[in-house]
Every structure is written in C-alpha cells, then in structure tokens.
Amino acid sequence: MSGEGGLTHLDARGAARMVGVGHKPPVARRAVAEALVRMAPASARLMSEGGLPKGDAAAVARVAGIMAAKRTPELVALCHPLPIDRAAVDVAVDPAAGEVRIRAEVETTARTGVEMEALTAASVAALNVYDLVKGVDPAVVIERVRLVEKTTGDPAP
C-alpha cells in the first residue's frame with residue numbers, strides 16, 4: 001500500500017491518515033491545473049462581452065479560484081495547510097468554440113506540493129462560471145479538470 005517514496009495515506013490497519021512530511025526540507029513548488037467549461041457559443045459570447053445577467057463571470061471565477069486555493073485544506077480531507085506564495089487564475093473565453101478555459105497556477109515554498117491547491121482553484125473557478133451561466137444556458141457543463149504541470153525546485157536556504 002506504499003505510495004511514491006514510501007508515503008501512504010493509510011496506516012497499518014488501512015485507516016486514512018495524513019502523511020507526515022516534517023522530515024522533508026521546504027522546497028519551492030509550483031503546480032498548474034486547467035478546467036474546461038463548455039456552453040453554447042451564444043452563452044460564451046454573452047460571457048465574453050460581460051452580458052450575463054448575474055455579472056462578470058470571469059472576474060468572479062478568478063477571485064473564487066484564488067480563494068479556493070487558500071482554503072484547500074478545509075475542503076480536501078488529507079491536505080496539509082500550506083503557505084501560498086502566489087495563486088493566479090486566468091479565464092479565457094472562446095465564443096466561437098463555446099469554451100471557457102480556466103488555468104490556475106499556485107506556488108509555495110513548503111514540504112509538500114501544491115497540486116491539490118491548483119486543482120481546487122481550477123475546479124471552484126469552473127463551478128463559479130457554471131453558476132453564473134446556467135441561467136442562460138442550462139446545458140453548460142464542466143467537462144474536464146486536470147493537472148497540467150508540477151515542479152519542485154531546490155531546497156530553501
């Protein structure tokens with residue numbers, strides 16, 4: 001049941017537990033996640049023009065995603081609380097394709113990575129787009145959320 005490097009989220013009895021990372025040095029870490037939201041081209045056009053009845057979905061999604069990155073340990077059961085050095089969420093609307101692409105990037109200097117923070121940011125941003133679009137397009141769908149990249153740098157001085 002051992003994971004990468006002997007880490008596991010299960011104890012000897014198979015019960016869930018938080019992995020101990022205290023023995024690891026703080027290291028610069030970065031993760032990027034993406035979400036894809038599909039909707040009718042007319043709905044994407046409304047969003048890109050700021051014409052949704054509920055307001056500016058891109059702005060709301062950016063702020064919600066950043067907030068979500070900071071609150072990840074409250075939402076994902078076994079995540080460690082991390083000092084977030086930077087969180088950024090970009091929202092790109094393609095009206096012709098009826099797509100909204102959300103890119104979340106999170107950085108920290110810590111003993112464990114920020115993949116879950118980036119994935120949570122992208123997910124929550126997508127949920128906010130969904131919420132603000134659903135009134136004009138009940139067929140809107142969050143199609144995909146995925147980790148795109150993660151990097152681990154040198155130990156902190």
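Whatever comes next refers back to the structure up there.
The notes below deal with the structure included here.

Conventions used here
Residues numbered from 1 in each chain as written. Predicted model: local features only at pLDDT ≥ 70, side-chain atom pairs only at ≥ 80, totals over all residues. Heavy atoms only, no water. Core = buried A, V, L, I, M, F, W, Y, C linked by side-chain atoms within 4.5 Å. Buried < 20%, exposed > 50% of the residue type's maximum accessible area, 1.4 Å probe, protein only. Helix = DSSP H or I, 4+ residues; strand = E, 2+ residues; numbered from the N terminus. Pairing = 2+ DSSP bridges. Salt bridge = Lys/Arg side-chain N within 4 Å of Asp/Glu carboxyl O. Expected span 1.5 Å × (residues − 1). Arc of directions from axis to C-beta. Contact = heavy atoms within 4.5 Å. Polar contact = N/O pair within 3.5 Å; in protein donor to acceptor, adjacent residues only side chain to side chain.

It is worth spelling out the nonpolar core at this point. Burial of nonpolar side chains together is a common tendency in soluble globular proteins. The biggest cluster of nonpolar side chains holds 31 residues, and the ones touching the most others in it are Val37, Met39, Met47, Val91, Val100, Ile102 and Val129. Put simply, the parts of the chain that give this core at least two residues each are strand E1 (27-38), helix H1 (41-48), helix H2 (57-70), strand E2 (84-94), strand E3 (99-110) and helix H4 (115-133). For this core, the element with the highest residue contribution is H4, accounting for nine residues.

Turning next to the pairing of E1. Where burial is concerned, most of E1 is hidden: nine out of the 12 residues are buried. Of the pairings in the sheet, the one linking E1 to E3 comprises 12 bridges and is antiparallel in character. What sits directly across from Val27, in E3, is Ala110.

Looking now at the pattern of salt bridges. Taken as a whole and assessed by the stated rule, the structure comprises 13 salt bridges. The partner of Arg38 in a salt bridge is Glu143, with the nearest N and O atoms 2.7 Å apart. With a gap of 105 residues between them, Arg38 in strand E1 and Glu143 in strand E4 (residues 141-155) connect regions that are remote in the sequence. Between Arg101 and Glu99 there is a salt bridge; the shortest N-O distance is 3.3 Å. Residue class for Arg101 comes out partly exposed when judged on its relative accessible area of 39%. Ionic contacts of the salt-bridge type, sharing partners, join the residues Arg30, Arg86, Arg103, Glu105, Glu107 and Glu149 into one network.

With that out of the way, let us pick up H2. Here H2 spans 20 Å end to end across 14 residues, near enough to the 20 Å set by a 1.5 Å rise per residue. Among all positions of H2, only Ala57, Ala58, Ala61, Ala64, Gly65, Ala68 and Ala69 are buried. On an axial view of H2, the arc spanned by its buried residues comes to 135°, and they lie on one face. On its buried side, H2 packs onto H1, helix H3 (72-75), E2, E3 and H4. Of the residues that open H2, the one with a side-chain oxygen 3.2 Å from the backbone nitrogen of Ala58 is Asp56.

Moving on, we get to the environment of Ala58. With respect to the helices, strands and loops of the structure, Ala58 is situated in helix H2. With 32 residues separating them along the chain, Ala58 and Asp90 place their C-alpha atoms 8.3 Å apart. What Ala58 contacts, discounting residues up to four positions off in sequence, is Met47 and Val91.

In this structure, Val89 sits in strand E2. In sequence terms Val89 and Val32 are 57 residues apart; their C-alpha atoms lie 9.6 Å from each other. With near-sequence residues (within four places) excluded, Val89 lies in contact with Ala61, Arg62, Gly65, Ile66, Ile102, Arg103, Ala104, Ala121 and Ala125.

Residue placement: Thr108 occurs in strand E3. There is a polar contact of 2.4 Å between the side chain of Thr108 and the backbone oxygen of Pro83.

Pairing of E2 with E3 involves 10 bridges; the strand directions are antiparallel. If you follow Ala92 over to E3, its bridge partner there is Arg101. Counting the residues between successive antiparallel strands, the hairpin from E2 to E3 contains four residues, one of them, Gly98, with a positive phi of roughly 65°.

What follows deals with the environment of Ile142. Relative to the helices and strands, Ile142 resides in strand E4. Each C-alpha atom, one on Ile142 and one on Glu99, is 9.9 Å from the other, the two residues being 43 residues apart in sequence.

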